[in-house]
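An overview of the molecular structure
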Amino acid sequence: EQHMGTESQSTSFGKFAKAVKSLNFGQDGPCPICMSQLSEFSGFEEDLGIPTPSSSSLSRPPSPDLCKLRKCGHLLHRACLLMYMKNCSNSGLMCPTCKKMHGVRTGDMPDGTMSVSTKLYSVPGYEGYGTIEITYNFTAGIHNEVRYKANGFPRICFLPDSPKGRKVLDLLRIAWKRRLTFTIGTSVTTGANNTIVWNEIHHKTEAGSNYTGHGYPDDNYLDNVLAELAAQGVEEEERDDEKS
């Protein structure tokens, strides 16, 4: 049984990006945040006290400060990235161009438990493999000064005990540690407010059928949930880091 822990956060500019001295031929284009050309100033420089042609006393106006995101290599104005980072509530930053997550994204999920067990039966479509059962449980309480409900718990979810299923399980454990699995919001099923709801990482809650779309067989599910985890910044290299 796995209980919640804490994780340090950092929003250091240098962790996400590195400075670019000049553009190479063919690199000029719109900044994904301000949509001005990279060779032009963004408009955020004045707010951040960065020199611009109108504010500079230099005879030759300065060029915009540019940066490149470390993981994906996309270019943007340094001033735009600094403004963008002001709106990041935790240490994860998503590239506005490709949605690649930089840093470690953490969520606002309340404390709960995640338990895992393996069973001998197979889910449809994965005959020959056992089944992984994941049980999530929460109780009502107060989190970040919000009184929340915990309707419909415990919830039992199912994965095939296959190599790819075990990979998904490892990444789901990381998502859980980072408080990304659930959040507090409005239930699309019941309409209840301030209740614990899924947080864009889909789980299968039917083991023997797929009548509601939340079960098996579903040939695309494991690939789809890997993509959803990657969108949250939980990727295979993170799994390798956890095991090393």
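Here the structure is a predicted model, which is why all the values come from computation and not from measurement.

Across all of its chains, the model carries six salt bridges by this definition. A salt bridge links D223 to K164; the nearest nitrogen and oxygen atoms lie 2.8 Å apart. Note that D223 is positioned in helix α5 (residues 221-231) and K164 in helix α4 (residues 163-177), a separation of 59 residues in sequence. Classification of K164 as partly exposed rests on a relative accessible area of 35%. The salt bridge involving K167 is made with E236; its shortest N-O contact spans 3.2 Å. In this pair, K167 sits in helix α4 while E236 sits in helix α6 (residues 236-243), placing the two residues 69 residues apart along the sequence. Judged by relative accessible area, which is 18%, K167 ranks as buried. Given a relative accessible area of 37%, E236 falls into the partly exposed group.

Moving on: the confidence of the model for the protein. Mean pLDDT over the protein works out to 85, with 84% of the residues at or above the 70 mark. The low-confidence segment residues 2-11, where pLDDT is below 50, has 33 contacts with residues more than four positions distant or belonging to other chains.

So, on to the packing of aromatic side chains. By the definition in use, this model includes ten aromatic pairs. Centroid distance F153 to F182: 5.5 Å. Interplanar angle 70°. Geometry classified as edge-to-face. Of this pair, F153 sits in the loop between β10 (146-148) and β11 (155-160) while F182 sits in strand β12 (residues 182-185), placing them 29 residues apart in sequence. One exposure class covers both F153 and F182, and it is buried. A network of ring pairs unites the aromatic residues Y136, F138, F153, W176, F182 and W198 as a single cluster. If you follow R155 out to its NZ or CZ, it ends over the ring of F153, 4.2 Å from the centre. Residue placement shows K204 over the ring face of Y216; its charged tip is 6.0 Å from the ring centre.

What follows covers the nonpolar core. Counting residues in hydrophobic clusters, the biggest one holds 33 residues, and the most contacted among them are I134, Y136, F138, L159, L172, F182 and L229. Sorting the residues of this core by element identifies β8 (131-137), β11, α4 and α5 as the ones contributing at least two each. The element that contributes the greatest number of residues to this core is α4, accounting for seven residues. Those residues in contact with F182 that lie beyond four places of it in its chain are D108, M109, Y136, F138, F153, R155, W176, I196, V197, W198 and N199.

This part takes up unusual backbone geometry. Following F153, the chain continues into P154 via a peptide bond in cis, with omega recorded as 5°. On the secondary structure map, P154 appears in the loop between β10 and β11. Its identity is not glycine, yet N144 carries a phi of approximately 50°, on the positive side. Counting through the fold element by element, N144 comes out in the loop between β9 (141-143) and β10.

To continue, consider the environment of L171. Mapped onto the elements, L171 comes out in helix α4. The class for L171 is buried, based on a relative accessible area of 2%. Once the C-alpha coordinates of L171 and V225 are considered, the two residues, 54 residues apart in sequence, prove to be 9.8 Å apart.

Inspection of helix α3 (residues 78-86) places A79, C80, L81, M83 and M85 among the buried residues, and these make up the whole buried set. Residues of α3 that are buried make contact with α1 (13-16), β2 (17-20), α2 (45-48), β3 (66-69), β4 (75-77) and β5 (92-94).

The rules we used
- Residues numbered from 1 in each chain as written.
- Predicted model: local features only at pLDDT ≥ 70, side-chain atom pairs only at ≥ 80, totals over all residues.
- Heavy atoms only, no water.
- Salt bridge = Lys/Arg side-chain N within 4 Å of Asp/Glu carboxyl O.
- Helix = DSSP H or I, 4+ residues; strand = E, 2+ residues; numbered from the N terminus.
- Buried < 20%, exposed > 50% of the residue type's maximum accessible area, 1.4 Å probe, protein only.
- pLDDT = per-residue confidence, 0-100.
- Contact = heavy atoms within 4.5 Å.
- Phe/Tyr/Trp six-rings, centres within 6.5 Å; stacked < 30°, edge-to-face > 60°.
- Lys NZ or Arg CZ within 6 Å of the ring centre and 35° of its normal.
- Core = buried A, V, L, I, M, F, W, Y, C linked by side-chain atoms within 4.5 Å.

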